[in-house]
Amino acid sequence: MTTGCELSHLLFRCPTSLLAALAAGVLLANQVRAAQPPGGLLLRTSDLLMLHRLCSSDAENKEPLRGFRRYGFGGATIAESSVLAFEDNRVFTLIVGDLTPRRESEPKLKDDSPRMLRRLLAIKPGCFLFDDQVRRTTPGVRLAWSLQTSGTADVGNRRIRVVEGDWEVVVQMLLPRNVQVAKTARKAGVQAGYVVDLMAEGDADEVRFLNVAHVRQVADKSPLPPVEVAERGGPALVTVQSGEQAYQFNLPRWRDGAGTFAVLDSNQKPSAEPRPLASGVLPYTVEGLAMLERWDAAYREGRRPPWDVGRPSSDLVRVVEQGTLKPCRAVELGCGTGTDAIYLAERDFEVTAIDLAPTALSIAERKALEAGVKVRWLLADVLAPPKLQPFDFVYDRGCYHGLRKQHAAKYVETLRRLSRPGTLVLILAGNANEPPPHSGPPRVTEEEIRGDFSKLFEIVELRETRFDSADPKGTGALAWAVLLRRKN
């Protein structure tokens, strides 16, 4: 059984092929968008079988988006903006998609969260968890979930068993607890098969259809791996047995958070602190996966990277204590173990903190709990952040200088997306004026800073400072403290 220090390493080892990872998006996209039943979502067993083959393949695909589009239902292409989160690792592939049809005639909801959303967890091998969340916008429309088959379909005991050739698909209905099931033969002139509709009892305006599908050959007579769900109006706690491992997914409704993942020990207890699931699209190329491993490894097994000095940044403290920055909605880019984010939360800021190292975020969440403060921790890439409302303050201690050489424009675009006119931004970056011998973080020049930010931001202050050192009596590397204000 996996130990606590091995959890993140287990995830980052031996990633699946890019094609298999992105093919999971097939089940989020074009087919459900094009052929979904009124008030609900659709799944085809033929697409499940295709997904299973792709996830079982070791083939490399150098153009994963082409494969993603090629296997889209009906040949259509999903807009990249509809994919809300994506993560691929050795244990599972996660993809979350907004499948809401966009029609101008439909009434606009009070919030802009998806009305039809699918969260898919492809748990390797052969187990697929579908968390479909549907909200009604038209009175009288039944909220439904449909399984479309091209083979025989047997329904009973909250299970649907479908046989297509040498393969079988077994769908286990987890939520809602009370559901009506109707099986209908496909009409003449259409490919043979059935449609199985699940309809929630009652008249709720929002329904969560949580189903798990197992794909295997008909000749395989071994017992299906057990799947259990606990849900009492809040997050769904789903436990999946996969071989000798047991995995647990804590899945709130998407608008309430991305959820967490844990490996269970032999007593069915988490063997490590649960780590967050992705809130945005994480890197998935070979280089990107290597980068994720490198950053996360810096925090594993009790390691403390040199940039984690264990106390709030002196430059952040200065702007807060001087009154330059007052409590507001704030986001930190590259929060690490959360020391600065927790400092802001303790001073009544409403804080969101982003990092792509799940181990660091697990540590940060524990530290926030011990401090008695609330921070919204997001596992995401700062160059591809989740869809968030603009903030009043953006803080970055060390991201910009590491990304600037190759991704300066994308970094500035992130600041644009996360800010509004008047938003303050504080960036701490390595300073190219550091005399040799050079050590420490990457460095930028004053000219590079002005060139990157002057078009979108007013430079309120650009001053030389030093990074804090882990040794309170030591001297950190030369740095820039850059205070920006978003222009109109």
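Residues numbered from 1 in each chain as written. Predicted model: local features only at pLDDT ≥ 70, side-chain atom pairs only at ≥ 80, totals over all residues. Heavy atoms only, no water.

Caption draft 1: Geometry of the packing of aromatic side chains. In total, this model carries 11 aromatic pairs according to the counting rule given. When the ring of Tyr-411 is compared with that of Phe-453, the centres are 6.3 Å apart and the planes differ by 70°; the resulting orientation is edge-to-face. Taken together, the residues Tyr-411 in helix H10 (residues 400-418) and Phe-453 in helix H11 (residues 446-453) connect sequence positions 42 residues apart. Phe-453 sits in the buried class, given a relative accessible area of 0%. Among the aromatic residues, those joined into a cluster by ring pairs are Phe-92, Tyr-247, Phe-249 and Phe-261. (Phe/Tyr/Trp six-rings, centres within 6.5 Å; stacked < 30°, edge-to-face > 60°. Helix = DSSP H or I, 4+ residues; strand = E, 2+ residues; numbered from the N terminus. Buried < 20%, exposed > 50% of the residue type's maximum accessible area, 1.4 Å probe, protein only.)

Caption draft 2: Examining the confidence of the model for the protein chain more closely. Considering every residue of the protein chain, the mean pLDDT works out to 84; 84% of them sit at 70 or more. Within the model, the stretch residues 13-35 combines pLDDT values under 50 with 79 contacts to residues more than four positions away or in other chains. Within the model, the stretch residues 59-77 combines pLDDT values under 50 with 30 contacts to residues more than four positions away or in other chains. (pLDDT = per-residue confidence, 0-100. Contact = heavy atoms within 4.5 Å.)

Caption draft 3: The arrangement of the pairing of strand E12 (residues 206-217) in detail. The element E12 is extensively covered by neighbouring structure, given that 10 of its 12 residues are classed as buried. Across 8 bridges, strand E9 (residues 167-175) lies against E12 in antiparallel orientation. Looking across to E12, one finds that Trp-167 is bridged to Gln-217. (Pairing = 2+ DSSP bridges.)

Caption draft 4: Seen up close, the pattern of salt bridges. Evaluation of the coordinates by the stated rule reveals 26 salt bridges. We note a salt bridge from Glu-168 to Arg-216, for which the minimum N-O separation is 2.7 Å. Taken together, the residues Glu-168 in strand E9 and Arg-216 in strand E12 connect sequence positions 48 residues apart. Like Arg-216, Glu-168 is buried. Across the pair Arg-300 and Glu-293 runs a salt bridge whose closest N-O atoms are separated by 2.8 Å. (Salt bridge = Lys/Arg side-chain N within 4 Å of Asp/Glu carboxyl O.)

Caption draft 5: View of the sheet that holds strand E14 (residues 236-242). Taken together, 5 strands build an open sheet; the order of strands is E13-E14-E15-E16-E17 and the sheet is antiparallel. The open sheet is flanked by strand E13 (227-230) and strand E17 (275-276), the only strands paired with a single partner. In this structure, E13 lies alongside E14, joined through 4 bridges in antiparallel fashion. Residue Val-227 lies in a different strand from E14, and its bridge partner there is Val-240.

Caption draft 6: Looking closely at empty space enclosed by the protein. Counted according to the given criterion, the structure contains 4 cavities of 30 Å³ or more. Computed from the structure, the largest cavity encloses a volume of approximately 80 Å³. Looking at the largest cavity, the residues that line it are Ser-113, Pro-114, Arg-115, Leu-117, Gln-133, Val-134, Arg-135, Glu-206, Arg-253, Trp-254 and Arg-255. Element by element, the count of residues in the lining of the largest cavity is highest for strand E5 (residues 127-135), at 3 residues. (1 Å grid on protein atoms, 1.4 Å probe; cavity = no way out; pocket = protein on both sides within 12 Å on 5 of 7 lines; lining within 4 Å. Points joined across faces, edges and corners; volume = space filled by probe spheres on them.)

Caption draft 7: Structural context of unusual backbone geometry. For the peptide bond that leads from Leu-175 to Pro-176, omega is 0°, which places it in the cis range. Residue position: Pro-176 is located in the loop between E9 and strand E10 (179-185). A positive phi angle is found at Arg-158, which is not glycine, with a value near 55°. For Arg-158, the position within the fold is in the loop between strand E7 (152-156) and strand E8 (159-164). Positive phi values are uncommon outside glycine, yet Gln-268 reaches one of about 60°. Tracing the chain through its elements places Gln-268 in the loop between strand E16 (260-264) and E17. Overall, the relative accessible area of 40% leaves Gln-268 in the partly exposed class.

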